[in-house]
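So the chains spell out like this:
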Amino acid sequence: MASSISCTSPLVRSDTSSLSSFSSSFTTQKLLKSACFPSSSLKSNNPISCQISASSSVSSSVNGKANLGLKDFIHISDFDKDTIFKILNRASEVKALLKSGDRSFQPFKGKTMAMIFAKPSMRTRVSFETGFFLLGGHAIYLGPDDIQMGKREETRDVARVLSGYNDIIMARLFAHQDILDLAKYASVPVINGLTDYNHPVQIMADALTIIEHVGQLEGTKVVYVGDGNNIVHSWLLLASVVPFHFVCACPKGFEPDEKTVEKARNAGISKVEITNDPKEAVKGANVVYSDVWASMGQKGEAEYRRKVFEGFQVNEELMTLAGPEAYFMHCLPAERGVEVTNGVIEAPNSIVFPQAENRMHAQNAIMLHQFGL
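Residues numbered from 1 in each chain as written. Predicted model: local features only at pLDDT ≥ 70, side-chain atom pairs only at ≥ 80, totals over all residues. Heavy atoms only, no water.

(A) Focus on the sheet that holds strand β3 (residues 112-117). With parallel pairing, 4 strands are arranged side by side in an open sheet as β4-β3-β5-β6. The sheet is open, and its two borders are formed by β4 (138-142) and β6 (190-194), each paired with just one other strand. Each adjacent strand pair in this sheet contributes to an overall mean axis angle of 20 degrees, direction not counted. For β3 and β4, the ladder comprises 5 bridges, and the chain directions are parallel. Residue pairing across strands places Met115 opposite Tyr141, the latter belonging to β4. Helix α3 (residues 122-134) contacts β3, β4, β5 (168-172) and β6 of the sheet and is inclined by roughly 175 degrees relative to β3. The strands that helix α4 (residues 155-165) touches are β3, β4 and β5; relative to β3, the one it contacts most, it runs at about 150 degrees. (Pairing = 2+ DSSP bridges. Helix = DSSP H or I, 4+ residues; strand = E, 2+ residues; numbered from the N terminus. Axes fitted to C-alpha atoms, helices over the stretch in contact; angles between N-to-C directions. Contact = heavy atoms within 4.5 Å.)

The structure is reproduced here in structure tokens:
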């Protein structure tokens, strides 16, 4: 279904300062686990603590990043609705251009990106590296053994060194505090490619996919079935900015972070529900969403989690309850036969692979926004 997204000039949310005092602790068991411009212009069990802060304001106090018009992308809720939709519109425009085979749009020509991976990933690496290359830039992969940020070298030192070599930094990390420190000390834009607390670039790709298939994001019902992890936290942060109906159906004891749920509800923008009944939750859903039950760093709990999560598998029966119009989404990698059946992931209403492709397009648009392009 075709859709049109309206947007205005981007504005950084005025209430982000309130985020600086927001902090929460997690255990690994709960897993902190067309655009508004003319198209012609396209030429373990240890506790993990994290603190959300407005990255732009933190950065500006250290290196004047904000004064240069450069932006970090750490939490979706750091931006207002108009900015989110502006980025999504830009993603749609640039995606169409790339799909046409036109490679004349090279805004990143002469720019380099450092990609820090404390956690390995196929989609994150390939989508960022390919996307940056297609728009004219050069990406440098730094694997888990290349830096060992916080162990071999302090995060603040890594941030300053990489800022001297590169125009932008993307990091896929474990501890959320590491991405906050990286953004604080870097003098170039920083992208959160995933932390144990949230995964904002994934949810931006998901939002783009929902708009393409459902026709709109606002007012849709998105039902997540599984662990209340970093994917859920990002959906909740989006719900504090964009109005839609979000439901997280998870086993008792595996609910998302209470403070993040509270933030989403207190925003008064979206309907937010946390339930332990997946069958009731999926009724009337536009999208049913799943993720692995045991994420990276939790594989030792896999067998225990399989028992606890029994009844939370997204299978044909659950999708039937959701209704014939419901789409299935999964951020991948998927354990077929565990959290989702092979039949569901291969069904005609599964949009898992368009969703995966949209990682690249959404991230391209995020980077364009960070550079003010």
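Still to come is the rest of the account.
(B) Just unusual backbone geometry, in detail. Here the amide bond leading from Leu332 into Pro333 is cis, since omega sits at 0 degrees, within 30 degrees of zero. Turning to its location among the elements, Pro333 is positioned in the loop between β11 (327-330) and α12 (342-345). A positive phi angle, close to 55 degrees, is found at Gln148, a residue other than glycine. A relative accessible area of 35% means that Gln148 is categorised as partly exposed. In the Ramachandran plot, Leu332 falls in the positive-phi region, its phi being about 60 degrees despite a non-glycine side chain. Here Leu332 lies in the loop between β11 and α12. Given a relative accessible area of 16%, Leu332 falls into the buried group. (Buried < 20%, exposed > 50% of the residue type's maximum accessible area, 1.4 Å probe, protein only.)

(C) Region of the structure containing the pairing of β5. Where burial is concerned, most of β5 is hidden: 5 out of the 5 residues are buried. The side-chain alternation of β5 yields two buried faces, one formed by Ile168, Met170 and Arg172 and the other by Ile169 and Ala171. The pairing of β3 with β5 spans 5 bridges and is parallel. Each bridged residue has a counterpart across the sheet, and for Ile116 the counterpart in β5 is Ala171.

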